[in-house]
Amino acid sequence: MQDQNWNDYRILLAIARGQSVSAAASLLGVNATTISRRLKGLEEKSGTPLCLRDRNGILRLTETATALVEQAEGMERFAKEADKLLGQESILGGTIRLTAVPFILTRIIVPNIGRFIEAYPNIQISLMPENKNLSLTRREIDLAIRFGEPREGGHAVLAQRIGRMSFSAYTTRAFPDLPLGDRPWLTYDPVVGHLPQAKWTETVAKSYKGRPAGILMHDLETAFATVTEMPVCAILPDIIAGSDKRLIRVEGPTAMETMTRDVWLMRHKDMRGLDRIEAMTDWLTTSRLFG
């Protein structure tokens, strides 16, 4: 692929970030026809497909395209540094794809992200509430917030701990005629029985001599919603449940060891130096959203 210029690579970079022709066009401020034409030209010059459309209509990069995007990200960083030297630093813009389990996004990120948007009005945040581990290395996302020590990507992924969440047992204040000791416990489906909160729930429920409820959980968001509506007990993060006036903390018959989970922020190493990614990383690490 000789004689390619920066604008050619910007097209591929925008497709990687937008995952569709229309989104790439929006990122670059051009029409979709232009994106399609330029992509076709790139593929003709490379002699191989660069993007494949999956069954959900999302454009996925081929191995060749992924390698080109990594180089393009480096070119983008150098271009921005050059602009700074020339006093032409541009306003931060573009899209950031951030993923986390639904509970973190809906209960922690969404209530606070307005401050970031106010500071950076030209950046768009794509919030992706996924329990599945979307891949950093395959460029499916830009930033990931995850529980537990990271195991993805090896040296290609940068990870930093941004907080630690403690968990306790909670139940609703409603249904005052049903004693706390008679309320059943929400437990987790065996499919997700490997999760620390699932194992800890089993241990705590046994210590309370509580019976299991007729509902099996798969995630914290569902557990939280269920506890606010039904007379059941569940293990929930103190940072949210502890300040919710609808809930009360359930004290155990004996002192229980506190469960905690570290919260990690991860990104691909090639994202280091991209202004919008650095801005979001700084906000997440300094806002102390996770205690």
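So, how was this worked out
Residues numbered from 1 in each chain as written. Predicted model: local features only at pLDDT ≥ 70, side-chain atom pairs only at ≥ 80, totals over all residues. Heavy atoms only, no water. Helix = DSSP H or I, 4+ residues; strand = E, 2+ residues; numbered from the N terminus. Buried < 20%, exposed > 50% of the residue type's maximum accessible area, 1.4 Å probe, protein only. Areas by Shrake-Rupley, 256 points an atom, 1.4 Å probe, with all protein chains shown as cover. Axes fitted to C-alpha atoms, helices over the stretch in contact; angles between N-to-C directions. Parallel < 35°, antiparallel > 145°, perpendicular 65-115°, else oblique. Contact = heavy atoms within 4.5 Å. Nonpolar A, V, L, I, M, F, W, Y, C, P; charged D, E, K, R; others polar. Expected span 1.5 Å × (residues − 1). Core = buried A, V, L, I, M, F, W, Y, C linked by side-chain atoms within 4.5 Å. Pairing = 2+ DSSP bridges. Phe/Tyr/Trp six-rings, centres within 6.5 Å; stacked < 30°, edge-to-face > 60°. Polar contact = N/O pair within 3.5 Å; in protein donor to acceptor, adjacent residues only side chain to side chain. Salt bridge = Lys/Arg side-chain N within 4 Å of Asp/Glu carboxyl O.

### Re the overall build of the protein
From N to C terminus, the protein includes 10 helices and 11 strands. Counting the 291 residues in the protein, one finds 45% classified as buried. A total accessible area of about 15200 Å² is found for the protein, and carbon and sulfur atoms account for 50% of it.

### Re the packing of helix H1 (residues 6-18) against helix H3 (residues 32-46)
Close contact between H1 and H3 brings their axes to 10 Å; oriented N to C, the two are set at 110°. Comparing their axes, H3 and H1 come out roughly perpendicular. Within the contact between the two elements, H1 uses Asn7, Asp8, Ile11, Leu12 and Ile15 and H3 uses Ile35, Arg38, Leu39 and Leu42. Here the contact of H1 with H3 is composed, by residue class, of 6 nonpolar, 1 polar and 2 charged.

### Topic: H1
For H1, built from 13 residues, the straight-helix expectation of 18 Å at 1.5 Å per residue is met to within 8% by its first-to-last C-alpha distance of 18 Å. With respect to burial, H1 is a largely interior element, 10 of its 13 residues being buried. Positive backbone phi, at 65°, marks Gln19, one or two positions downstream of H1.

### Points about the nonpolar core
Ranked by size, the top nonpolar core spans 55 residues in total, and within it Ile109, Phe116, Ile145, Leu236, Met280 and Phe290 carry the most contacts. Counting residues in each nonpolar core, the second largest holds 21 residues, with Ala25, Leu50, Cys51 and Ala72 among its members.

### Considering the pairing of strand E11 (residues 259-268)
One face of the sheet, then the other: side chains in a regular strand alternate in exactly this way. For E11, a buried count of 8 out of 10 residues is recorded, marking the element as mostly surrounded by other parts of the structure. Where strand E5 (residues 143-147) lies against E11, 5 bridges are found, and the strand directions are antiparallel. Within the sheet, the bridge partner assigned to Leu143 lies in E11 and is Arg267. Direction of pairing for strand E6 (residues 157-172) relative to E11: antiparallel, over a ladder of 10 bridges. Directly across from Leu158, in E11, lies its bridge partner Arg267.

### Side note on the packing of helix H5 (residues 102-112) against helix H8 (residues 220-229)
One way to put it is that H5 packs onto H8 with a least axis distance of 7 Å and a crossing angle of 60°. Comparing their axes, H8 and H5 come out oblique. Here H5 contributes Pro102, Phe103, Thr106 and Arg107 to the contact with H8, which in turn contributes Leu220, Glu221 and Phe224.

### Description of unusual backbone geometry
Backbone geometry follows two general trends: most residues other than glycine have a negative phi, and most peptide bonds adopt the trans configuration. Phi angles above zero are rare outside glycine, and Phe175 is one such case at about 60°. Here Phe175 shows up in the loop between E6 and strand E7 (185-188). For Phe175, a relative accessible area of 39% puts it in the partly exposed group. Its identity as a non-glycine residue notwithstanding, Arg288 has a phi of 55°, on the positive side. Of note, Arg288 is situated in the segment after helix H10 (275-286).

### Some details on the packing of aromatic side chains
A full pass over the atoms with the stated rule returns 4 aromatic pairs. Between Phe103 and Phe224 the ring centres are 5.9 Å apart and the planes differ by 65°, which places this aromatic pair in the edge-to-face class. Linking Phe103 in helix H5 with Phe224 in helix H8, this pair joins segments that are 121 residues apart in sequence. Accessibility expressed as a relative area gives 1% for Phe224, which makes it buried.

### A short note on the environment of Arg115
Among the structural elements, Arg115 can be located in helix H6 (residues 114-119). Under the relative-accessibility criterion, Arg115 is labelled partly exposed at 45%. Spatially, the C-alpha atom of Arg115 lies 9.3 Å from that of Trp283, the residues being 168 residues apart in sequence. Once residues lying within four places of it in the same chain are set aside, the contact partners of Arg115 are Trp283 and Leu289. A distance of 2.9 Å separates the side chain of Arg115 from the side chain of Asn112, its partner in a polar contact.

### Some remarks on the side chain of Asp244
When you line up the elements, Asp244 lands in the loop between helix H9 (238-241) and strand E10 (247-249). For Asp244, the side chain forms a polar contact with the side chain of Arg246, separated by 2.8 Å.

### Structural notes on the pattern of salt bridges
If the charged atoms of two oppositely charged side chains come close together, the side chains can form a pair. The tally for this structure, following the rule as stated, stands at 7 salt bridges. Arg161 is paired through a salt bridge with Asp262; the nearest N and O atoms lie 3.8 Å apart. Highlighted residues: Arg161 in strand E6 and Asp262 in strand E11, separated in sequence by 101 residues. Notably, a salt bridge pairs Arg246 with Asp244, separated by 2.8 Å at the nearest N-O pair. A residue is classified by how much of its surface remains accessible, and Arg246, at 41% relative accessible area, is partly exposed. Here the salt bridges share partners, and the residues they tie into one network are Arg161, Arg164 and Asp262.

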